[in-house]
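# Structural features, examined
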Amino acid sequence: MDKLYKIIYCDDLRIHMAVMEEIPEKIYFPEEFDTPENRLESVTAASIAAVLASDLKETNSSVTVMLRNVEKCVSYSVTAQQDGRVCGAVGGYTKGVLNDGYILEVVRRSGIGRDYSSVVCGSTVEAVIDEYITGSMQRKALLKVYGNCAVLAEELPFTSIIEKGAEALKVLESNSSPEALTEADGFRFVEESELSYGCTCTKRSVKKALVAALSGEDLSNMEEVLEISCKLCGKKYHIEKSEL
């Protein structure tokens, strides 16, 4: 089961941990991109999105993580909602100036419709994660990914993230299950919630977006039936011209 844990470590460190088991298997993969290597990187994108969304408070707010493997021309897009729903899709990516490495784009959507976007690049996944946390977010925090688990550790007032964070992450990395952590080790569980696969898309919202994107002339000249895929989860909708 996919879960989000909120933990305090030694009364000095706030830790959010997202453990992904079932959700990555439901991410939309076109056949040409469905490889074990791509599956593994999609888990990374999903766990990062879930843990970054863990501090969202506004209803209908979300975090979208787009992790792009430049050399392989593959893009992993995952959206995590404030209510614990996570969805994603994998697709192609056209190279630009960069020929290798990774690009990480994170879009935070507030409940009132405002978007905050950040884009960073680096030679490895770890490099783009560190650049996003320290450069874009400008937070004294550490974000690490271990297999199907992402951990965000942030200092509480008057503590040192470098010392406490490294200490806590070392313990977390050596434990296969969060339930194995105890207060004797300095970990105090504050909250535990479930994560589930789910998207906010509906046929109605897809039709509304289509009408907004096309001019009257485009609508009159369109085919009798269009196949439209949700850019967040990959779900396909068949829209008839008469419905618009």
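Residues numbered from 1 in each chain as written. Predicted model: local features only at pLDDT ≥ 70, side-chain atom pairs only at ≥ 80, totals over all residues. Heavy atoms only, no water.

## Observations regarding the sheet that holds strand β7 (residues 115-122)
The strands that make up a sheet pair up through hydrogen bonds in the backbone, lying either parallel or antiparallel. The strand order β7-β6-β3-β4-β5-β11 describes an open sheet built from 6 strands, whose pairing is mixed. Here the strands that pair on one side only, and so sit at the sheet edges, are β7 and β11 (196-197). Here strand β3 (residues 62-69) runs beside strand β4 (residues 74-81); their pairing, made up of 8 bridges, is antiparallel. Paired with V65 across the two strands is V78, which belongs to β4. (Pairing = 2+ DSSP bridges. Helix = DSSP H or I, 4+ residues; strand = E, 2+ residues; numbered from the N terminus.)

## Concerning the pattern of salt bridges
If you walk through the whole model with that rule in mind, you get 10 salt bridges. A salt bridge links K3 to E192; the nearest nitrogen and oxygen atoms lie 2.6 Å apart. Of the two residues, K3 sits in strand β1 (residues 3-9) while E192 sits in strand β10 (residues 187-194), which places them 189 residues apart along the sequence. One salt bridge in this structure joins R85 and D83, with 2.9 Å as the shortest N-O distance. A relative accessible area of 46% places D83 in the partly exposed class. (Salt bridge = Lys/Arg side-chain N within 4 Å of Asp/Glu carboxyl O. Buried < 20%, exposed > 50% of the residue type's maximum accessible area, 1.4 Å probe, protein only.)

## Quick notes on the pairing of strand β8 (residues 141-146)
Both β8 and strand β9 (residues 149-155) contribute to a ladder of 6 bridges, which runs antiparallel. Paired with V145 across the strands is A150, a residue of β9. Connecting the antiparallel pair β8 and β9 is a turn made up of 2 residues, with G147 showing a positive phi of about 60°.

## Describing the packing of aromatic side chains
All chains considered together, the criterion is met by 2 aromatic pairs. Consider the rings of Y9 and F187, whose centres lie 4.6 Å apart with planes at 40°: the pair is tilted. Of the two residues, Y9 is situated in strand β1 and F187 in strand β10; the sequence distance between them amounts to 178 residues. Overall, Y9 belongs to the buried group, its relative accessible area being 4%. One cation-aromatic arrangement involves R39 over F29; the distance from NZ or CZ to the ring centre is 4.0 Å. (Phe/Tyr/Trp six-rings, centres within 6.5 Å; stacked < 30°, edge-to-face > 60°. Lys NZ or Arg CZ within 6 Å of the ring centre and 35° of its normal.)

That is the geometry; function is a separate question.
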